[in-house]
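Summary of structural features
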Amino acid sequence: MDGGIVDSRTSKLTIDRGACGYLTIDLTALCRNYDKLCSIVAPARAAAVVKADAYGLGANQVSKALYGRGSRHFFVAHFVEALRLRPHLPRDASIFVLNGLLPGNETACAEGGFVPVINSLDQLQQWSETARSLKRRLPAALQFDTGMSRLGIPPEERGAVAAHLTAADHLDILFVMSHLASADEAESIQNADQLAEMRRVAEEFPGYDLSFANSGGIFLGGDFHGVLARPGIALYGGAPTGGVRNPMEPVVRLEVAVVQTRTVPTGARVGYGGVHVTKTETRLATIAAGYADGLPRSLSDRGSVYYNGVRLPIVGRVSMDSTTIDISALPEGTLSFGSLVEVLGDHQTIDDIARDAGLISYEILTSLGHRFHRQYR
Ligand SMILES: *Cc1c(COP(=O)(O)O)cnc(C)c1O
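Residues numbered from 1 in each chain as written. Predicted model: local features only at pLDDT ≥ 70, side-chain atom pairs only at ≥ 80, totals over all residues. Heavy atoms only, no water.

**Concerning the UniProt feature "active site" (unreviewed entry) in the protein**
With numbering aligned to this structure, UniProt lists the feature "active site" (unreviewed entry) at Lys 51 and Tyr 272. Over a stretch of 222 residues, the named residues are scattered through the fold, their C-alpha atoms separated by up to 34.9 Å. Those annotated residues from the list above that line the largest pocket are Lys 51. In this structure, Lys 51 is in contact with Phe 75, Val 76, Ala 77, Glu 81 and Leu 98, ignoring residues within four places of it in sequence. Along the chain, Tyr 272 turns up in the loop between β14 (269-270) and β15 (276-277). (UniProt positions renumbered as here; feature names shortened; annotations may be inferred. 1 Å grid on protein atoms, 1.4 Å probe; cavity = no way out; pocket = protein on both sides within 12 Å on 5 of 7 lines; lining within 4 Å. Contact = heavy atoms within 4.5 Å. Helix = DSSP H or I, 4+ residues; strand = E, 2+ residues; numbered from the N terminus.)

Below you can see the structure in the form of structure tokens.
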């Protein structure tokens, strides 16, 4: 622990450096998750998807740890993320820009040695033009839309793309890729449809390596692995597949400080709008995290936190900076000013809290706030 000091007897914060709680990111668990995914896709390799600041956990720290574990392929969404990540990774790490380049970023991308994911014929022509004008060979990945209608070269542009590639000898196409829309639903017919379309792409672009699977895709079987899988959420401990036991290890713990406790009588209104009215005398605690810290407002009167395994329901609306919980289930005096409660940890995973909030684990992770003391293990 490099942060505040927690008294193990009272589990209170004694030095908090102004933080309202501890967000602990377990890089060793992250690496074990990476190893596990690597062993499933072998002999294919696994990249690391570190877009959105590695799903909120810190792209620099996460990328460094996974580089140490053998990853050499890092995917971000926006070019700005690639620029920020570059100084933190050795030169032999490749950084791919999933959303491709916005007009005007081509030269900076080429000079920085980044790999754009080409999503259209236009973008391909522009990148070729950049290579010609810089008189250099430039790397690229080609993304095809196999049925998600989000990003990627649409079917009607494939012919022109193939013709362009035959004429252009100044681009190194590292692989051909596509993205699955329903990989977390193992039974979805869309997976088979997209696989069939990917096979047509592979026939039209023979000789290129393939990259297809995200986290969910890794668990759909070898047909989906290609040469390079692109896991994100599974690295960070989220369930890759819905409805089955999550094989990944949790990576994040979040403990938040109690800032006040009180006992209120029957009929007391709790929080904004007074939407929660106590049915009996109730002991409450207010904790120092709210929706600005990533506790979704949709947890109002639904979610919970834990203390020593005891469930403590959220009562009333989640505020911006605080949330009120019912601590009546604990012996009186257990929690007081400065005590820490578990928001994420042994008793509540990112998938649990996402379910209670009506969200997905990706939203929970990417919303985790910056007012906690972040510590990396
Ligand atoms: C975000 C993303 C991934 C990673 O998805 P997960 O479901 O988090 O594993 C992989 N590929 C592409 C194209 C993505 O946009």
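Next comes the rest of the description.
**A few points about the UniProt feature "modified residue: N6-(pyridoxal phosphate)lysine" (unreviewed entry) in the protein**
Mapped onto this numbering, the UniProt entry annotates "modified residue: N6-(pyridoxal phosphate)lysine" (unreviewed entry) at Lys 51. Turning to its location among the elements, Lys 51 is positioned in helix α2 (residues 51-55).

**Some thoughts on the domain arrangement of the protein**
Parsing the protein into structural domains produces domain 1 (4-23 + 250-376) and domain 2 (27-236). The C-alpha-based centres of domain 1 and domain 2 are spaced at 38 Å. Taken residue by residue, the interface counts eleven residues in domain 1 and 13 residues in domain 2. Both sides together, the interface formed by domain 1 and domain 2 hides about 1,100 Å², and carbon and sulfur atoms give 67% of it. Put simply, domain 1 and domain 2 have two residue pairs in polar contact (both at pLDDT 80 or more) between them. (Domains from an automatic or database assignment. Buried area = accessible area lost by both parts, 1.4 Å probe. Polar contact = N/O pair within 3.5 Å; in protein donor to acceptor, adjacent residues only side chain to side chain.)

**Description of the packing of aromatic side chains**
Aromatic ring pairs: the centre-centre distance and the angle between the two ring planes describe each pair. Enumeration according to the criterion identifies eight aromatic pairs in this entry. Taking 4.8 Å as the distance between ring centres and 40° as the angle between the ring planes, the aromatic pair formed by Tyr 55 and Tyr 236 counts as tilted. Pair noted here: Tyr 55 is in helix α2 and Tyr 236 is in the loop between β12 (228-229) and β13 (252-264), with a separation of 181 residues, a long-range link. Residue Tyr 55 is classed as buried on the basis of its relative accessible area of 6%. The class for Tyr 236 is buried, based on a relative accessible area of 1%. Members of the aromatic cluster, joined through ring pairs, are Tyr 55, Tyr 236 and Tyr 362. If you follow Arg 72 out to its NZ or CZ, it ends over the ring of Tyr 67, 3.6 Å from the centre. (Phe/Tyr/Trp six-rings, centres within 6.5 Å; stacked < 30°, edge-to-face > 60°. Buried < 20%, exposed > 50% of the residue type's maximum accessible area, 1.4 Å probe, protein only. Lys NZ or Arg CZ within 6 Å of the ring centre and 35° of its normal.)

**Here we look at the layout of surface pockets**
Space inside the largest pocket adds up to approximately 750 Å³. Considering the residues around the largest pocket, the lining is formed by 36 residues, among which Tyr 55, His 179, Asn 214, Ile 233 and Tyr 362 are closest to the centre. Elements supplying a minimum of two residues to the lining of the largest pocket: α2, α9 (215-218), α10 (350-357) and α11 (361-367). The residue inventory of the lining of the largest pocket, partitioned by class, reads 18 nonpolar, twelve polar and six charged. (Points joined across faces, edges and corners; volume = space filled by probe spheres on them. Nonpolar A, V, L, I, M, F, W, Y, C, P; charged D, E, K, R; others polar.)

**Quick notes on the state of the cysteines**
One pass over the structure, following the stated rule, counts zero disulfides. Cys 31 forms no disulfide, and the closest cysteine sulfur to it belongs to Cys 38, at a distance of 10 Å. (Disulfide = S-S within 2.5 Å.)

**Comments concerning empty space enclosed by the protein**
Empty space among the atoms becomes apparent when a probe as large as a water molecule is rolled across them. Enumeration according to the criterion identifies one cavity of 30 Å³ or more in this entry. Approximately 50 Å³ is the volume found for the largest cavity. Classifying every residue of the lining of the largest cavity gives three nonpolar, four polar and two charged.

**So, the sheet that holds strand β7 (residues 94-97)**
Strand order in the open sheet formed by seven strands is β5-β6-β7-β8-β9-β10-β11, with parallel pairing between adjacent strands. Both outer strands of the open sheet, β5 (48-49) and β11 (210-211), are each paired with one neighbouring strand and no more. In terms of strand pairing, β7 meets strand β8 (residues 115-118) through two bridges, oriented parallel. Considered in β8, the bridge of Phe 96 is made with Val 115. Against the sheet, helix α6 (residues 121-134) makes contact with β8, β9 (138-143) and β10 (171-177), and its axis sits at roughly 175° relative to β9, the strand it touches most. (Pairing = 2+ DSSP bridges. Axes fitted to C-alpha atoms, helices over the stretch in contact; angles between N-to-C directions.)

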